[in-house]
Amino acid sequence: MASSTLHFSQSRRYDGFYSNLARRLSGWRFDVMYRTRRLHEVLKQLGVDVNGQSVLDLGFGAGQLLLSFPSNCTLVGVDVSPSAVEAAQRDQRFTRFSSARFFSVPEQHPEQMPDVTVNLAITSHLLEHVPNDAQVLSELFKRIEPGGTLVVFVPIEEPDYILFHRRNYSLQSIVERVEQAGFELKRAEGSMYVNGHIWKLLTIPSRRRWPVLGTAVDALRMASLGLLPYTTLKRLDHALFLLGFGARQALVVATRPHATNAFETTPTYA
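Structural notes, computed from the coordinates. (Residues numbered from 1 in each chain as written. Predicted model: local features only at pLDDT ≥ 70, side-chain atom pairs only at ≥ 80, totals over all residues. Heavy atoms only, no water.)

## Regarding helix H6 (residues 133–143)
Stage number 1. Burial analysis of H6 places 10 of its 11 residues in the buried class, the great majority of the element.
Stage number 2. Residues of H6 that are buried sit in contact with strand E1 (54–58), strand E4 (118–124), strand E5 (144–155) and helix H7 (171–180). (Buried < 20%, exposed > 50% of the residue type's maximum accessible area, 1.4 Å probe, protein only. Helix = DSSP H or I, 4+ residues; strand = E, 2+ residues; numbered from the N terminus. Contact = heavy atoms within 4.5 Å.)

## Quick look at the nonpolar core
Stage number 1. By size, the foremost hydrophobic cluster in this structure holds 41 residues, and its most contacted members are Leu 127, Leu 140, Leu 150, Val 152, Ile 174, Val 178 and Phe 183.
Stage number 2. Residues Leu 39, Phe 69, Leu 75 and Val 85 belong to the second largest nonpolar core, which totals 24 residues. (Core = buried A, V, L, I, M, F, W, Y, C linked by side-chain atoms within 4.5 Å.)

## Observations concerning the environment of Arg 235
Stage number 1. Within the secondary structure layout, Arg 235 lies in helix H11 (residues 230–242).
Stage number 2. Arg 235 gets classed as exposed once you look at its relative accessible area, which sits at 59%.
Stage number 3. Taking the C-alpha atoms as reference, Arg 235 lies 9.9 Å from Val 194; in sequence the two are 41 residues apart.

## A word on the layout of surface pockets
Stage number 1. Approximately 190 Å³ is the volume found for the second largest pocket.
Stage number 2. Tyr 34, Arg 38, Glu 189, Gly 190, Ser 191, Tyr 193, Lys 234, Asp 237, His 238 and Phe 241 are the residues that line the second largest pocket.
Stage number 3. Mapped by element, the contributors of at least two residues to the lining of the second largest pocket are helix H3 (30–45), strand E6 (184–191) and H11.
Stage number 4. Tallying contributions element by element places H11 first for the lining of the second largest pocket, with four residues. (1 Å grid on protein atoms, 1.4 Å probe; cavity = no way out; pocket = protein on both sides within 12 Å on 5 of 7 lines; lining within 4 Å. Points joined across faces, edges and corners; volume = space filled by probe spheres on them.)

This is the structure:
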């Protein structure tokens, strides 16, 4: 009988992942482009002005989300991958910003994130990887100024679909996790419907790491969905939602509330 093997260490997985080639390809991924567009659409709808703000991206990877902010912003990128930090420090695109600093932090110790205070913190497809998601959210809470904004993207998937994910979320469960960390919910939505269902079956070779075929199928998925304009993806998402299909990604936007009394403290993690 075949057995499954869990692969949890993100430090080993991404240690040298962010080569120049990986960074260039990331900019063309349809899911990265979708998240970038939707991030700024939702922030604008919620009245969050990103001009001149300080922005922390935990798990910044190839840096596409950070690069989407105005040049008068102050950027802080944190990742478990030394190669991500090294590549970002060499990337001339970050020189146009007021400030851009990058740090590598062990995945077991999110408390070692730099001691900064920011207006906006982002974490995209990271919480499903970390040993303790409540601790990560607590550490982000401490670094966001009162009234500041948290943006979280996580995948929605079935247990054991991706073996290097430590946990699975629904839209409801990630909202509960964010609220338990002390944040006030502003927006929660499902998306990326088009990346599931039939594509979920077709990408099994990739998720199970079949030699050659897995890479080929994943490339086909990215290329085919990448041909669809952003507005088309959104319309397809809405149509699949109306037909009763489930989302494959959750977006949660929340704020750190202003202190209401002198005894208020930041939440503790489980």
